[in-house]
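# Coordinate inspection notes
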Amino acid sequence: MRLMASRRALLAAPLATPAFAQSFPDRPVRLVVPFPPGGPVDLGARILAQPLGEELRGSVVIDNRSGAGGVVGVDAVAKATPDGYTLGFASTGALAVNVTLMPNNPYDTRRDIAAISIVSAVPSLLAVHPDVPARSVAELVALAKARPGRLNYGSSGPGGTPHLAGALFTMRAGVEMGHVPYRGAAPAITALLAKEVDMAFLDVPVLLPHVQAGRLRPLGVTSAGRSAALPETPTFAEAGVSGMEVENWYAIFAPAGTPAGRVARLHAATAAALARPETQRQITSQGARVVASRPEDAATFISAEVDRWAQVVRGANIRPE
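Residues numbered from 1 in each chain as written. Predicted model: local features only at pLDDT ≥ 70, side-chain atom pairs only at ≥ 80, totals over all residues. Heavy atoms only, no water.

## Overview of the overall build of the chain
Along the backbone of the chain there are 12 helices and 10 strands. Over its C-alpha trace the chain gives a radius of gyration of 19 Å, about what one expects of a compact globule, namely 20 Å for 321 residues. Along the first, second and third principal axes, the C-alpha atoms of the chain reach 65 × 40 × 30 Å. By the burial criterion, 57% of the 321 residues in the chain qualify as buried. Pairs at least 24 residues apart make up 80% of the contacts formed inside the chain by residues separated by at least 6 positions. Only carbon and sulfur atoms are counted for the fraction: they give 51% of the accessible area of the chain, which is about 13100 Å². Put simply, the chain has 30 plus and 25 minus side-chain charges, and the middle of one group is 1 Å from the middle of the other. (Helix = DSSP H or I, 4+ residues; strand = E, 2+ residues; numbered from the N terminus. Rg over C-alpha atoms; globule rule 2.2 N^0.38 Å. Buried < 20%, exposed > 50% of the residue type's maximum accessible area, 1.4 Å probe, protein only. Contact = heavy atoms within 4.5 Å. Areas by Shrake-Rupley, 256 points an atom, 1.4 Å probe, with all protein chains shown as cover. Lys, Arg positive; Asp, Glu negative; His and termini not counted. Charge placed at Lys NZ, Arg CZ, Asp CG, Glu CD.)

## Here we look at the side chain of Asp75
By the element assignment, Asp75 lies in helix H3 (residues 71–78). Setting aside its immediate chain neighbours within four residues, Asp75 contacts Pro106 and Tyr107.

## Here we look at the nonpolar core
Across soluble globular proteins, nonpolar side chains show a tendency to be buried alongside one another. Counting 104 residues, the largest nonpolar core has Phe89, Leu140, Phe169, Trp249 and Ile252 as the members making the most contacts within it. For this core, the element with the most residues is strand S4 (residues 113–128), which contributes 11 residues. Not counting residues up to four positions away in its chain, the partners in contact with Phe169 are Val137, Leu140, Val141, Gly174, Val175, Met177, Phe201, Phe236, Val241 and Met244. (Core = buried A, V, L, I, M, F, W, Y, C linked by side-chain atoms within 4.5 Å.)

## Points about the packing of aromatic side chains
The geometry of an aromatic ring pair is captured by the separation of the ring centres together with the interplanar angle, meaning the angle of the planes. For the structure on display, the rule yields six aromatic pairs. Between Phe169 and Phe201, the aromatic rings sit 5.7 Å apart at their centres with planes inclined by 50°, giving tilted as the arrangement. With a gap of 32 residues between them, Phe169 in helix H7 (residues 161–173) and Phe201 in strand S7 (residues 199–203) connect regions that are remote in the sequence. Judged by relative accessible area, Phe169 falls into the buried class, the value being 1%. What links up through ring pairs into an aromatic cluster is the set Phe169, Phe201 and Phe236. The ring of Tyr85 carries the charged tip of Arg27 above its face, separated from the ring centre by 3.6 Å. (Phe/Tyr/Trp six-rings, centres within 6.5 Å; stacked < 30°, edge-to-face > 60°. Lys NZ or Arg CZ within 6 Å of the ring centre and 35° of its normal.)

## Thoughts on helix H12 (residues 295–315)
With 21 residues, H12 should cover 30 Å at 1.5 Å per step; its first-to-last C-alpha distance of 30 Å lies within 8% of that length. Turning to H12, its buried residues number three or more, namely Pro295, Ala298, Phe301, Ile302, Glu305, Val306, Trp309, Ala310, Val312 and Val313. Residues of H12 that are buried in the fold lie against helix H4 (92–101), helix H5 (109–112), S4, H7, strand S9 (247–255) and helix H10 (260–275). (Expected span 1.5 Å × (residues − 1).)

## Considerations on helix H9 (residues 204–212)
The periodicity of an α-helix, 3.6 residues per turn, causes residues three or four places apart in sequence to face the same way. Of all nine residues that make up H9, seven are buried, and the element is covered over most of its length. Along H9, the positions that sit buried rather than exposed are Val204, Pro205, Val206, Leu207, Leu208, His210 and Val211. The inward-facing, buried residues of H9 abut helix H2 (40–56), S4, helix H8 (185–193), S7, strand S8 (217–221) and helix H11 (277–285). Downstream of H9 by a residue or two, Gly214 has a phi angle that is positive, lying close to 80°.

## Quick notes on the pattern of salt bridges
Tallied over the entire structure, the rule returns 13 salt bridges. Linking Arg276 and Glu55 is a salt bridge whose minimum nitrogen-to-oxygen distance equals 3.1 Å. With Arg276 in the loop between H10 and H11 and Glu55 in helix H2, this residue pair connects regions lying 221 residues apart in the sequence. Between Arg281 and Glu278 there is a salt bridge, and its shortest N-O distance comes to 2.7 Å. Of this pair, Arg281 and Glu278 both sit in helix H11, three residues apart, which is roughly one turn of that helix. (Salt bridge = Lys/Arg side-chain N within 4 Å of Asp/Glu carboxyl O.)

## Some words on empty space enclosed by the protein
On inspection of all chains with the given rule, the structure shows two cavities of 30 Å³ or more. Taken as a whole, the largest cavity holds about 210 Å³ of empty space. Among the elements of the structure, H2, H4, H7, H8 and S7 are those that each provide at least two residues to the lining of the largest cavity. Within the lining of the largest cavity, the residues separate by chemical class into 12 nonpolar, 11 polar and two charged. Of all the elements in the fold, those that place two or more residues in the lining of the second largest cavity are H2, S4 and H11. The element that contributes the greatest number of residues to the lining of the second largest cavity is H2, accounting for five residues. The residue inventory of the lining of the second largest cavity, partitioned by class, reads 11 nonpolar, four polar and one charged. (1 Å grid on protein atoms, 1.4 Å probe; cavity = no way out; pocket = protein on both sides within 12 Å on 5 of 7 lines; lining within 4 Å. Points joined across faces, edges and corners; volume = space filled by probe spheres on them. Nonpolar A, V, L, I, M, F, W, Y, C, P; charged D, E, K, R; others polar.)

## Considering the side chain of Asp198
The topology assignment puts Asp198 in the loop between H8 and S7. Of the residues examined, Asp198 reaches a relative accessible area of 9% and is grouped as buried. Not counting residues within four places of it along the chain, the set of residues in contact with Asp198 comprises Ala127, Val128, His129, Val132, Arg150, Leu151, Asn152 and Leu192.

This is the structure we're talking about:
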């Protein structure tokens, strides 16, 4: 199921909000981010938090609760009091992949969360350390085949989109590479810059400053078309490796059982925040695109993503490390 850009949702009239929800919120709303500060999920949450708080006529406070590839933070939201004062902001790995990847995952996103909106989506970028003697995807494939198992890629943790993109690349390109997981994108980038790993598949926004500064070399993007942020970087299809369309999406959600009126209020505020030109500028300048789906559409999409990534996890025999 494809994510559709939601200009219609942004322009649509807000969902009806029952009278009892009009006083909400009367204290700060906590937005739990299940990864450390500085990574792509944290960045997306911080772009949304301020305008969302303004639309709610209150404040939204970021709470970074990292651990276990996003499990700790998402589970904290799933188990929170369903009153609208504790929300989560997470991505594909934590909301769609972990359901299959983690044998004892404590939450089921179809049962334990109330989707508010898919916020944005962004392709991954494959970037290598400048010391890696490959200036194109084709050269990297040739190098990996000449050095089977000697090249490695870093990721933000087992089962996240960066890990899955790397695993998918090895399958599609027919190469063997090692996987080195880190606790979030920021530590993975630090390791890549220090050449602890040779390459990484990470979201365009977090790699872009290092590419622009010449500290990393971009080889390919995992989108259907080229990224506006990196127009000279080819897609994997253009580079000769098909089936590499991987898009990391970001969603805001509440615990299951949150009153419908409060979900409606939160959705209306989220849609309004995302419709702001400055919010859209910040999101698109980072190489992402605004989605802003309705709660029911977000729930349907997340359910389909659970099924999609279950096939990849099982097919590639990916296990938590």
